[in-house]
Amino acid sequence: MSRFVGTLQQTWDLETIFSGGSASTALRDHLDALERDIAAYQAKLQELQAPSTVEETKALDNLIEDLQAADSRLSEAGSFIGCLTAQDQHDKKALQLDARVTSLNAAYNNVMTLFWNLLRLTSDEVWEAWMQREEIAPISFLLREKREQAREKLAPDLENLVSDLAVDGYHGWGQHYDTIVAKVGVPFEEEGGEVQMLSVGQAANKLDHPDRNVRERVFPKWEEAWTKAEDYCADTLNRLAGFRLKLYEKRGWDDILKEPLDMNRMSKATLDAMWQVIVENKPKFVAYLERKAKLLGVEKLSWTDVDAPLGQASGKISYEQAAEDIVEQFGKFSPKLAEFATMAFNKRWIEAEDRPGKRPGGFCTSLPLSKQTRIFMTYGGNVSNVYTLAHELGHAYHQYVMEELPRFSQDYAMNVAETASTFAEMILADAFVKHAEDDQQKIVLLADKVQNSIAFFMNIHARFLFETRFYEKRRQGYLDAAELCELMEEAQREAFQGALGSYHPHFWASKLHFYITDVPFYNFPYTFGYMFSTGIYAQALREGQGFAAKYDALLQDTGRMTVEELAAKHLGVDLTKPDFWRDAMAVCVADVDAFLELTK
């Protein structure tokens, strides 16, 4: 008997959030009220002084509630509008609404800068008593964190000046990169001899083409196209790094990793321990790459072979079958997780229909006022789509177990954001490998799993090595395109331990992540998330279904403690030592061993 009500629909229901889509009067009223309230909070905070007694802190309780509510209201509107722009890229009204929410977010951030400064100016004695109060204790972690950050930055008027100037300066350079990318064209000769000028997105798809001949023909053209744009990209990357370095200098920050580590609530010791274990185990993954080269009939893999599939894992999987498989496998780990996934399918929280006009990719977005989530993807019926669906449901479940917490306790960092999603994906991937119809299908499925490890342990490690070294050299002055290419290829050779026959020297120019201004070092948090969730998965396998409650408790705490505190409390491990990371690595290495055994 099916767990689902009627035939599963592949389009989501947005009407229960704001009826009317981008023409919604309820949404317009919501934004109007929010704009008025944010202005009122700004005026109020400009008049407030830091509390000088514990009694005075009680007067701030209502304001803190209002600020948390405003955050939820902004997120509700932003998530809804994000859904509108994703489902129909031609919805111009939705794009206008998106611009309005961006402005409201900026206004809210200015309000919060004033509030964090108020915390900064509070005396230590009053502060400690304030944080112990019953009403404040549940959100004290974030308040302590923001107070410390405010103390380490420039004075609020200077930080606001930096923020204002960054709009057309720092962020402007980041947006300029989008302009560069839009002008990059990659000429490609089709089978019939006709030459097409491909966009970056179209060419990137061909770099992942299952036919090696197509990949190898497009890659030189890809490198040539980025060579033509290299001076513009080098200029942009140098300006972004120069801005960050000068701001860090004025704040008195010496370590380029200080801000990204703080943002991810982790220590340098933890980061070093993780990379240490990865480097220790690289020979095993080099053996995998060498075996893959033999299976593809080449002496050494080229850059475009690294992610190439080794075959098709199965025939087409219907959306209904995917839903059944996901709920069944989730249920073996946690009935609560399975019940949540069933609800998400039945309540139409998922947009999966394959139709024109949708944006590419997938995401999960939270609606904190409605206490709901929405998942966006395009379902095509292959195994990878099933994994993506499980992955996004993992994100949604993470929010689900946190929804009763105060808003300020739900703010988890990028590095733990992938915990539940990767964990959910692993449940499905392991089940598919276990129930493979034959050895050939098992080989393809194992390779698919190992490819994740290659991406996180080698490709992203190369990005981290490049960016770390680039910033150190940038302190001394401007680096031209040739120097950046040399740094990039050197990092790739080191990260892949010389296992490849060709590399991608212009990767620094072609990869958006290096140009994102909101998040410095948009690389190592991905690897941490993958390894952290794999370590949790290893513990779940050891402890069985009884681990599910511990898992929920861990997810609930992701927004209110450092990763070291999180791991110590719920897993009983020390992330600054290699033991936990070696346990996680053993899961990944087991997949490589199984692959090598099946293909010897």
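Up top you'll find the structure we're talking about.
Bear in mind the structure is a predicted one, so any value in this text is a computation, not a measurement.

A. Structural view of the overall build of the chain. Broken down by element type, the chain carries 25 helices and five strands. Since a compact globule built from 600 residues should have a radius of gyration of about 25 Å, the 25 Å found for the chain is in line with a globular shape. When the backbone C-alpha atoms are referred to their principal axes, the chain occupies close to 75 × 65 × 50 Å. Taking all contacts inside the chain whose residues are at least 6 apart in sequence as the whole, residues at least 24 apart take part in 77%. Summed over its atoms, the accessible surface of the chain is roughly 26200 Å², and 49% of this surface lies on carbon and sulfur atoms. The average position of the 65 basic charges and that of the 92 acidic charges among the side chains of the chain differ by 1 Å.

B. Structural detail: the sheet that holds strand β4 (residues 363-367). Read across the sheet, three strands follow the order β3-β5-β4 without closing on themselves; strand pairing throughout is mixed. Each end of this open sheet is capped by a strand with a single partner; those strands are β3 (350-351) and β4. Strand direction decides the pairing type here: β4 and strand β5 (residues 372-376), joined by five bridges, are antiparallel. What sits directly across from Ser-366, in β5, is Thr-373. The strands touched by helix α3 (residues 61-87) within the sheet are β4 and β5, with β4 carrying the most contacts at an inclination of about 145°.

C. Geometry of the side chain of Thr-342. In this fold, Thr-342 is placed in helix α15 (residues 335-346). A relative accessible area of 14% places Thr-342 in the buried class. Among the polar contacts listed, one links the side chain of Thr-342 to the backbone oxygen of Ala-338, at a separation of 2.9 Å. Filtering out sequence-adjacent residues up to four positions away, Thr-342 remains in contact with Arg-3, Phe-4 and Val-327.

D. View of the pattern of salt bridges. Summed over all chains, the structure comprises 39 salt bridges. Between Glu-128 and Arg-144 there is a salt bridge; the shortest N-O distance is 3.2 Å. Within this pair, whereas Glu-128 is found in helix α5 (residues 124-132), its partner Arg-144 is found in helix α6 (residues 140-152), the two being separated by 16 residues in sequence. Using a relative accessible area of 37% as the deciding quantity, one classes Glu-128 as partly exposed. Between Glu-489 and Arg-493 there is a salt bridge, with its nearest N and O atoms 2.8 Å apart. A residue pair is termed a helical-turn pair when its members lie 3 or 4 positions apart in one helix, as Glu-489 and Arg-493 do in helix α20 (residues 481-495) at four residues. Overall, Arg-493 belongs to the partly exposed group, its relative accessible area being 43%. Sharing partners across several salt bridges, the network here consists of Glu-351, Glu-353, Arg-355 and Lys-358.

The rules behind each value
Residue numbers restart at each chain and count upward from 1, following the sequence in its written direction. Under the rules for a predicted model, residues below a pLDDT of 70 receive no local features and side-chain atom pairs below 80 are neither given nor counted, while totals for whole chains, interfaces and linings still include all residues. Note: side-chain values were computed over all heavy atoms of the structure, leaving out hydrogens and water. Helical segments are the DSSP runs of H or I of at least four residues, strand segments are the runs of E of at least two, and each set is numbered from the N terminus. Taken over C-alpha atoms, the radius of gyration is set against a globule rule of 2.2 Å times the number of residues to the power 0.38. We call two residues in contact whenever any of their non-hydrogen atoms come within 4.5 Å of each other. Note on areas: these come from Shrake-Rupley sampling with a 1.4 Å probe, and a residue is covered only by the protein chains present in the view. Residues scored as positive are Lys and Arg, those scored as negative are Asp and Glu, and His as well as the terminal groups of each chain are ignored. For charged residues, the charge sits on one atom: NZ in Lys, CZ in Arg, CG in Asp, CD in Glu. For two strands to be treated as a pair, DSSP must find at least two bridges joining them. To get an axis, a line is fitted to the C-alpha atoms, and for a helix only the part in contact is used. The angle between two axes follows their N-to-C directions and goes from 0 to 180 degrees. Exposure is judged per residue with a 1.4 Å probe applied to protein chains only, and the accessible area is read against the type maximum: over 50% gives exposed, under 20% gives buried, and values in between give partly exposed. Between N or O atoms, a polar contact is any pair within 3.5 Å; within protein, one atom must be a potential hydrogen donor and the other a potential acceptor, and residues adjacent in sequence are included only when both atoms are from side chains. Salt bridge, as used here: a side-chain nitrogen of Lys or Arg that lies within 4 Å of a carboxyl oxygen of Asp or Glu.

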